Each structure stands twice: as C-alpha cells, then as structure tokens.
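For reference, the chains in residue letters:
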Amino acid sequence: MRGELTAKGQATRSRIVEGAAAVLREKGVGSATLDDIMARTSTSKSQLFHYFPSGKDELLVAVAQFEADQVLEDQQPYLGRLDSWEAWEQWRDAVIRRYEAQGDECPLGSLFLQIGRSTPGARAIVIELMRRWQESLAAGIRSLQAAGLLPSGLDVEARAAALLAAIQGGVSILLSTGQSTHLRAALGQGIADLRRCAGSSTAP
C-alpha cells in the first residue's frame, strides 16, 4: 500500500507518524493511546487504519523508523562532513548535546521495549541505523586519509565500529544514570586515539 500512496497521501502518513512521535515522547509509549494520536494529528480512526491497517503496532514500527532517522539527522551537518579534526570535534559536541538533551529517556529504546525487537521490521530498523551510522563514521575517517591527516593503512571499518560501540556504551550508561560523563570520555578518547594514529607530523 505504501508504494501506491500519492504525494498527498505520503504527506498525510508522515504527518501522522511525526505527530505520533511527539505524543509518545510526551506521554510515554505505554500510556499513549490511538485516541491521543488521532487528537494530535486531527486524524479519524478510518484514516489512521487506512495508513496503518495493522493498527498501533504498525504505527509504532513507523515511529521507530522515524526516531531512528532522527538519531542521524540530529548529528547533521557534522556527521556528513567529517573531513577535518575541527569537524570531528564539532560532531562530538553535537552528539553530546543531543543525548544530554534527551536525558535518561530514549524514545527509540522505549518503542523497541513496547513492540519487541523481534517484531517484523524492528530489528531491521536497528541494523540499518547502525549500518548507516558506522558507514558515515568510516566515510569521515577516509576523508581524513584523503587529506593526508591519517595513514592510508589504517583499518577504517574497525575504527568506525569501535567509535560506534563507544557511543552506544556511553549512551547506555547515560540512560541508566542520567550522567553524560562516560559518553564524553568515550567520544573524546576515540577521537584522541585517531589523532594519535596521525603522528605528530600531521597533527595541527
């Protein structure tokens, strides 16, 4: 059905998803109802089920995709142009700001608790998010190599994977404690390790 939507239909579906995301952030996944979402989005029940025939679970998966996309969008434009050490520091600061603003409530994590990671499409959303995120970090490392700021023999994928793992670990601790100390340390150390690979002759 989704591929058959007109531009107007796609816009309506997107409006419902974005409105639902706002409601879920405010009320929590467990407390928000379809009535809340319909009121926020000025949508009738027939409209809602037209775009999400399977009901709330299908809508929650769509919101999970929206939130996953937002994770990367909130890191732009920095994540897309990691071509200097200054750019990496700006990206680091953007990531920290995002997760400090989010605090100990993770909309995406709450959604997956509600719908279950085994729900069709849910695990794929996580896998795709991590793939895109790691791919962006790897592209940034390659940009540094192209600029002569890192050696060409560096294992790019391993470095990008380690950075992503460091972020996820720091965020996990932040969600448990409300403190960003470990996220700050993980990102700072990850970038410092990269800079050490450059050697003193290429350090600015």
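Residues numbered from 1 in each chain as written. Predicted model: local features only at pLDDT ≥ 70, side-chain atom pairs only at ≥ 80, totals over all residues. Heavy atoms only, no water.

A. Just the overall build of the protein chain, in detail. Scanning the protein chain for helices and strands turns up nine helices and zero strands. Order of helices (α) and strands (β) in the protein chain, N terminus to C terminus: α-α-α-α-α-α-α-α-α. Summarising its shape, the C-alpha atoms of the protein chain cover approximately 65 × 40 × 25 Å along the three principal directions. Buried residues in the protein chain amount to 39% of all 204 residues. Within the protein chain, contacts between residues separated by at least 24 positions form 68% of all contacts whose residues are at least 6 apart in sequence. Computed over 22 positive and 23 negative side-chain charges, the separation of the two mean positions in the protein chain equals 1 Å. (Helix = DSSP H or I, 4+ residues; strand = E, 2+ residues; numbered from the N terminus. Buried < 20%, exposed > 50% of the residue type's maximum accessible area, 1.4 Å probe, protein only. Contact = heavy atoms within 4.5 Å. Lys, Arg positive; Asp, Glu negative; His and termini not counted. Charge placed at Lys NZ, Arg CZ, Asp CG, Glu CD.)

B. Local environment of helix α2 (residues 34–41). Inspection of α2 places L34, I37, M38 and T41 among the buried residues, and these make up the whole buried set. Take α2 and look down its axis: the buried residues cluster within an arc of 100°, on one side only. Facing away from the buried side of α2 by more than 90 degrees, the exposed set consists of D35 and A39. Packing partners of the buried residues in α2 comprise α1 (7–27), α3 (45–51) and α4 (56–73). Where α2 ends, the next residue or the one after it, S42, has phi of about 50°, a positive value. (Arc of directions from axis to C-beta.)

C. Looking closely at α1. For α1, spanning 21 residues, the distance from its first C-alpha to its last is 30 Å, which sits close to the expected 30 Å at 1.5 Å a residue. Buried within α1 are the following residues: G9, T12, R13, I16, V17, G19, A20, A21, V23 and L24. (Expected span 1.5 Å × (residues − 1).)

D. Representation of the packing of helix α5 (residues 85–102) against helix α9 (residues 181–198) in the model. Look at α5 against α9: their axes get within 10 Å of each other, and the N-to-C directions meet at 170°. Judged by the inter-axis angle, α5 sits roughly antiparallel to α9. The interaxial crossing formed by α5 with α9 has right-handed handedness. Across the interface between the two elements, W85, W88, E89, W91, R92, V95, I96, Y99 and E100 of α5 pack against L183, R184, L187, G188, I191, L194, R195 and A198 of α9. Residues that form the contact of α5 with α9 fall into these classes: 11 nonpolar, one polar and five charged. (Axes fitted to C-alpha atoms, helices over the stretch in contact; angles between N-to-C directions. Parallel < 35°, antiparallel > 145°, perpendicular 65-115°, else oblique. Left-handed = near helix turned anticlockwise from the far one by under 90°. Nonpolar A, V, L, I, M, F, W, Y, C, P; charged D, E, K, R; others polar.)

E. Layout of the environment of L175. On the secondary structure map, L175 appears in helix α8 (residues 156–177). Owing to a relative accessible area of 28%, L175 belongs among the partly exposed residues under this scheme. Residues contacting L175, with those up to four places away along its chain left out, are Q102, G103, D104, E105 and C106.

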